[in-house]
Amino acid sequence: MYSPEVEKALESAGAHIGDIIRIQRGSEVYEGILLPRSEYGDPSCIVIKLSSGYNIGVKYTPGTVIKRLRKAAEVGKFPAKKAERKPSLPPVSLIATGGTIGSRVDYVTGGVYMCVKPEELLYLTPELEDAVYIERMRSPFLVASEDLTPDDWKEIAEIAAKELNTDVRGVVITHGTDTMHYTSAALSFMLRNLSKPVALVGAQRSPDRGSFDGAMNLLCAAHYAARSDIAEVAIVMHGESSDTYCYAIRGTKARKMHTSRRDTFRPINDLPLARVWPDGRIEALNTKYRKRGSSEVYADTAFEKRVAIVKA
Ligand code: DAS
């Protein structure tokens, strides 16, 4: 909320967040998208996004004139890409749980939102449409992974087991990176009789950045789920900092090593299961792995939360 004077001036101009406005203060004129006040911002400074992309605050003083130029609706909405059925492509299920990979910048307000519709992921990675057919998209919740609890692991495991017992080739789970290795370990134990690949995938950089890694990660995760013969839970993320290939790392052996590097996940005391290329090639790097089969998967979600670690 802005100060009462600013709110009143905006109201009489009919200006709402997201509208394009003009602010005239004496000889100074500023035009841009009206943004909400930032939490610690001066309430008498009106924040606008200039066409250059920069946000500025313009101090509201007596005599400042505000004019609404265009309504937010005319500025445009983030489109959601619908999955088209391509019977020739292998079917996979996608479970969206949140994290940077499922977030998007709203170019109207400049805010970052978790995708409310998993189809929006397709908009971020259009190549996916030519790689696999997304048979179903499920989204039990959309949260940053630091907020996940063991109850969420159970819910993901139950949904994944159901999906794996349909005719899909595998399951892709989009997830925040901070605790992805905990979820991958939990799912590795919870998904019993696993007979198909399960890929956990995220992004270190957000989709509005040129260095967004989520598109290639998602593509490789989809290839792992659809085309590999490895029936294991794996984290599929950049293998090196360039957009070359991803590693599929066994769910119980992965660790996040860095806060921002694109190749943050590394296997610990293990080789990666495979190198997955964005064009669909999969090179097995580890000779020991569980092979694809036909057994019925079930979720064993018994979990004891009352555990203490005693460090000596
Ligand atoms: N906070 C992080 C999380 O959700 C962001 C990310 O890496 O996706 O784990």
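Before reading on, note that the structure itself is shown above.
(A) Geometry of the sheet that holds strand S12 (residues 198–201). Within the open sheet, the 8 strands sit side by side as S9-S6-S10-S12-S13-S14-S17-S18. Their pairing is mixed. Two strands in the sheet have a free side with no partner beyond their single neighbour: strand S9 (133–138) and strand S18 (282–284). When the angles between neighbouring strand axes are averaged without regard to direction, this sheet yields 25°. With 4 bridges joining them, strand S10 (residues 171–174) and S12 adopt parallel strand pairing.

(B) Main features of the sheet that holds strand S3 (residues 45–49). With respect to topology, 5 strands assemble into an open sheet ordered S4-S3-S2-S1-S5, the strand pairing being antiparallel. Taken across any chain shown, the strands that pair with only one partner, and hence form the sheet edges, are strand S4 (55–59) and strand S5 (65–70). For this sheet the average axis-to-axis angle between neighbouring strands, irrespective of direction, equals 35°. In this sheet, strand S2 (residues 28–34) lies alongside strand S1 (residues 20–25) in antiparallel orientation, the contact comprising 6 bridges. Residue pairing for S2: isoleucine 21 is matched across the bridge by glycine 32. Contacts from helix H1 (residues 4–13) reach S2, S3 and S5 within the one sheet, and its direction differs from that of S5 by about 45°.

(C) Layout of the packing of aromatic side chains. Applying the stated criterion to the full structure yields 3 aromatic pairs. Relative to phenylalanine 303, the ring of tryptophan 153 lies with its centre 5.6 Å away and its plane at 75°, an arrangement referred to as edge-to-face. With tryptophan 153 in helix H4 (residues 150–164) and phenylalanine 303 in the segment after strand S19 (298–299), this residue pair connects regions lying 150 residues apart in the sequence. The ring centre of tryptophan 277 lies 4.6 Å from the NZ or CZ of arginine 281, which sits over that ring.

(D) Representation of the site of the ligand within the structure. Gly99, Thr100, Ala144, Ser145, Glu146, Gly176, Thr177, Asp178 and Ala203 make up every residue found near the ligand. At a separation of 2.4 Å, an oxygen atom of the ligand approaches a polar side-chain atom of threonine 177. In the model, an oxygen atom of the ligand is placed 2.9 Å from a nitrogen or oxygen of the aspartate 178 main chain. For the ligand, whose free accessible area comes to 260 Å², the fraction covered by protein is 85%. Each residue belonging to the shell around the ligand can be placed in one class, and the counts come to 2 nonpolar, 5 polar and 2 charged.

Conventions adopted
- Residues numbered from 1 in each chain as written.
- Predicted model: local features only at pLDDT ≥ 70, side-chain atom pairs only at ≥ 80, totals over all residues.
- Heavy atoms only, no water.
- Pairing = 2+ DSSP bridges.
- Helix = DSSP H or I, 4+ residues; strand = E, 2+ residues; numbered from the N terminus.
- Axes fitted to C-alpha atoms, helices over the stretch in contact; angles between N-to-C directions.
- Contact = heavy atoms within 4.5 Å.
- Phe/Tyr/Trp six-rings, centres within 6.5 Å; stacked < 30°, edge-to-face > 60°.
- Lys NZ or Arg CZ within 6 Å of the ring centre and 35° of its normal.
- Near = heavy atom within 4 Å.
- Polar contact = N/O pair within 3.5 Å; in protein donor to acceptor, adjacent residues only side chain to side chain.
- Areas by Shrake-Rupley, 256 points an atom, 1.4 Å probe, with all protein chains shown as cover.
- Nonpolar A, V, L, I, M, F, W, Y, C, P; charged D, E, K, R; others polar.

So, to be careful, I would describe these as geometric facts and stop short of saying anything about function.
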